[in-house]
Amino acid sequence: MGWLVAQCGRPREAVLDGGLSSLLEERGHPMHRTLWSAALLANPAAHQAIIDAHLTFLNSGADIIETLTYQATARGFVSAGLCATPEEADAFLTIAINLADKARKKFLSLQQPQQGPQPELPPHLQHPPPPYQPLPQAVPVLPTPRIAGSIGPYGAFLANGEEFVGNYGLSEDELMAFHRPKVLVLTRDSRVDVLAFETVPELAEARAIVRLMAAVAPTKPFWLSFQCRDGLHLASGVPLADAVREVLDLVVSSSNNSTSSCALIGIGVNCVKPEFAASLCTIISKAIQTCCTTQSHSHLAGLDILCYANKGGVYDGLAQRWSTPEGTVLDRALLSDLRAVGVTVYGGCCRVHGPEIAGVAAFVRGEEVGV
């Protein structure tokens, strides 16, 4: 059991939400050309719809919901004419947190506490070595949904499908500068339990993220999720095994430096085709195991492995639509394969909505799967 699963109050595995933007679009809220669904944050009339979408996932069994900030950047809001300054744009990030928090409070107000003892934390979470931080509170009897601050890659900001390609041609320092403003806003709000860096298509951006977190938010838990073009490679073409190994080496290096440690709590893949999911998660699991055994970094065994695939098909970045029919669903066979290779957090991405997440939750909690 990793940090994130423990924080959700679950004994072994946790459930992440699905595609928030695609759910809002399905419900009649058109996507902005550059900001996608994040533009709805500037429209008070749409705020209840965002809360309702969060509640859909919570009511379907999600333990973790993500803020509507994947595509939300100060540069994006200013360029779209929705505000005049980056400082004004920060308010939209806070609105997204407010809406997720309102959904969580509404959900909890309707729940009844479960009976029984609290699950015992494993030794590595009771007194975790660097880069992990002690759990800020005891695991609750009533599982408490967690809020993840969603942070999309630089390619998402470009709004042309570049997150499925990578190779931006930017330096690590330039990518750090791009992500820094959003990280600072999301980190300073205590309602955000963890940061979610998602759909990362290239190694340089992954390295930039680890370096940035070590520099500006060394104690803030975060996970890093890659976008992959097949069952072996990042979208940019770098082998996933090499990328994970280099990220882990960088994390270990930062943990050995008292002035630049970081709190990576999970590695995963998202918005990948379902048929590639098990292969990719196997690579992540083996890379973590290798780092633990050959480099004596046993504390990395506590990392959660996350998998939240899309519903299949091909995304047309210029037209901003899925150009082929939906593919493989998250059925019992796929979920069983993911469990077998060590996945601890399951969810969905584009076009994976309430019914699919309910099926994932049923699988995780040992019930009959209905997807």
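Residues numbered from 1 in each chain as written. Predicted model: local features only at pLDDT ≥ 70, side-chain atom pairs only at ≥ 80, totals over all residues. Heavy atoms only, no water.

Asks: Any details on the overall build of the protein? Residues and values, ideally.
Replies: Check the secondary structure of the protein and you find 13 helices and 10 strands. For the protein, contacts bridging at least 24 residues in sequence account for 79% of all contacts bridging at least 6. Summed over all atoms, the accessible surface of the protein reaches about 14400 Å², with 53% contributed by carbon and sulfur. (Helix = DSSP H or I, 4+ residues; strand = E, 2+ residues; numbered from the N terminus. Contact = heavy atoms within 4.5 Å. Areas by Shrake-Rupley, 256 points an atom, 1.4 Å probe, with all protein chains shown as cover.)

Asks: Any details on the pairing of strand β10 (residues 345-348)? Residues and values, ideally.
Replies: Side chains V345 and G347 of β10 all project onto a buried face; the interleaved residues Y346 and G348 project onto the opposite face, where all are buried too. Sheet topology places strand β1 (residues 14-15) next to β10; 2 bridges connect them, and they run parallel. The residue of β10 that forms the bridge with A14 is V345. Where strand β7 (residues 304-309) lies against β10, 4 bridges are found, and the strand directions are parallel. Each residue of the ladder has a partner; that of L306, found in β10, is V345. (Buried < 20%, exposed > 50% of the residue type's maximum accessible area, 1.4 Å probe, protein only. Pairing = 2+ DSSP bridges.)

Asks: Please provide a residue-by-residue account of the sheet that holds strand β3 (residues 146-151), values included.
Replies: The 8 strands are arranged β1-β10-β7-β6-β5-β4-β3-β2 in an open sheet whose pairing can be described as parallel. This sheet does not close on itself; its edge strands, each paired only once, are β1 and β2 (64-66). As paired strands, β3 and strand β4 (residues 194-200) are joined by 4 bridges and run parallel to one another. Residue pairing across strands places I151 opposite F197, the latter belonging to β4. Where helix α10 (residues 240-255) meets the sheet, it contacts β5 (221-226) and β6 (263-270), and its direction lies at approximately 170° from that of β6. Helix-sheet contacts for helix α11 (residues 274-294) involve β6 and β7, and the interaxial angle to β7 is about 165°. (Axes fitted to C-alpha atoms, helices over the stretch in contact; angles between N-to-C directions.)

Asks: Outline unusual backbone geometry, listing residues and values.
Replies: Look at A159: it is not a glycine, yet its phi comes out positive at around 55°. For A159, the position within the fold is in the loop between α7 (154-158) and α8 (172-187). One non-glycine residue, T199, lies in the positive phi region at around 55°. Note on placement: T199 falls in strand β4.

Asks: Can you tell me about the pattern of salt bridges, naming the residues and giving the values?
Replies: For the structure on display, the rule yields 15 salt bridges. With a closest N to O distance of 3.9 Å, E13 and R12 form a salt bridge. One network of salt bridges, in which partners are shared, links D101, R104, K105, R146, D189, R191 and D193. (Salt bridge = Lys/Arg side-chain N within 4 Å of Asp/Glu carboxyl O.)

Asks: Describe the packing of α10 against α11, with residues and values.
Replies: When two helices pack together, their arrangement is given by the angle between their axes and by how far apart the axes lie. Where α10 meets α11, the axes come as close as 9 Å, and the angle between the chain directions of the two elements is 40°. Relative to α11, the crossing made by α10 is right-handed. Touching L240, A241, V244, L248 and V252 of α10 are L280, I283, I284, A287, I288 and C291, all from α11. (Left-handed = near helix turned anticlockwise from the far one by under 90°.)

Asks: Help me get a handle on the packing of aromatic side chains, residues and values and all.
Replies: Throughout the structure, instances matching the rule amount to 9 aromatic pairs. For the ring pair Y154 and F178, a centre distance of 5.0 Å and an interplane angle of 85° mean the geometry is edge-to-face. Pair noted here: Y154 is in helix α7 and F178 is in helix α8, with a separation of 24 residues, a long-range link. Aromatic ring contacts, followed pair by pair, group Y154, F157, Y168 and F178 into a single cluster. (Phe/Tyr/Trp six-rings, centres within 6.5 Å; stacked < 30°, edge-to-face > 60°.)

Asks: Explain the environment of L195 to me, and be specific about the residues and the numbers.
Replies: Within the secondary structure layout, L195 lies in strand β4. Residue classification places L195 among the buried residues on the basis of a relative accessible area of 0%. Put simply, L195 and V183 are 12 residues apart on the chain and 8.1 Å apart in space, counted from C-alpha to C-alpha. Not counting chain neighbours up to four residues away, the residues in contact with L195 comprise G149, I151, V183, L186, T187, M213, K220, P221, F222 and W223.

Asks: If you had to explain helix α3 (residues 47-59) to someone new, which residues and values would you point to?
Replies: Because an α-helix completes one turn every 3.6 residues, residues spaced three or four positions apart along the sequence face the same direction. Here α3 spans 18 Å end to end across 13 residues, near enough to the 18 Å set by a 1.5 Å rise per residue. Within the sequence span of α3, burial applies to H47, A49, I50, I51, A53, H54, L55, T56, F57 and L58. Those residues of α3 hidden inside the fold are in contact with α2 (20-26), β2, α5 (86-109) and α13 (354-364). With its phi angle positive at about 115°, G61 sits one or two positions after the end of α3. (Expected span 1.5 Å × (residues − 1).)

Asks: How would you explain the environment of P355 if you had to name every residue and give the values?
Replies: Position of P355 among the secondary structure elements: in helix α13. Each C-alpha atom of the pair P355 and F57 lies 8.9 Å from the other, and the pair is 298 residues apart in sequence.

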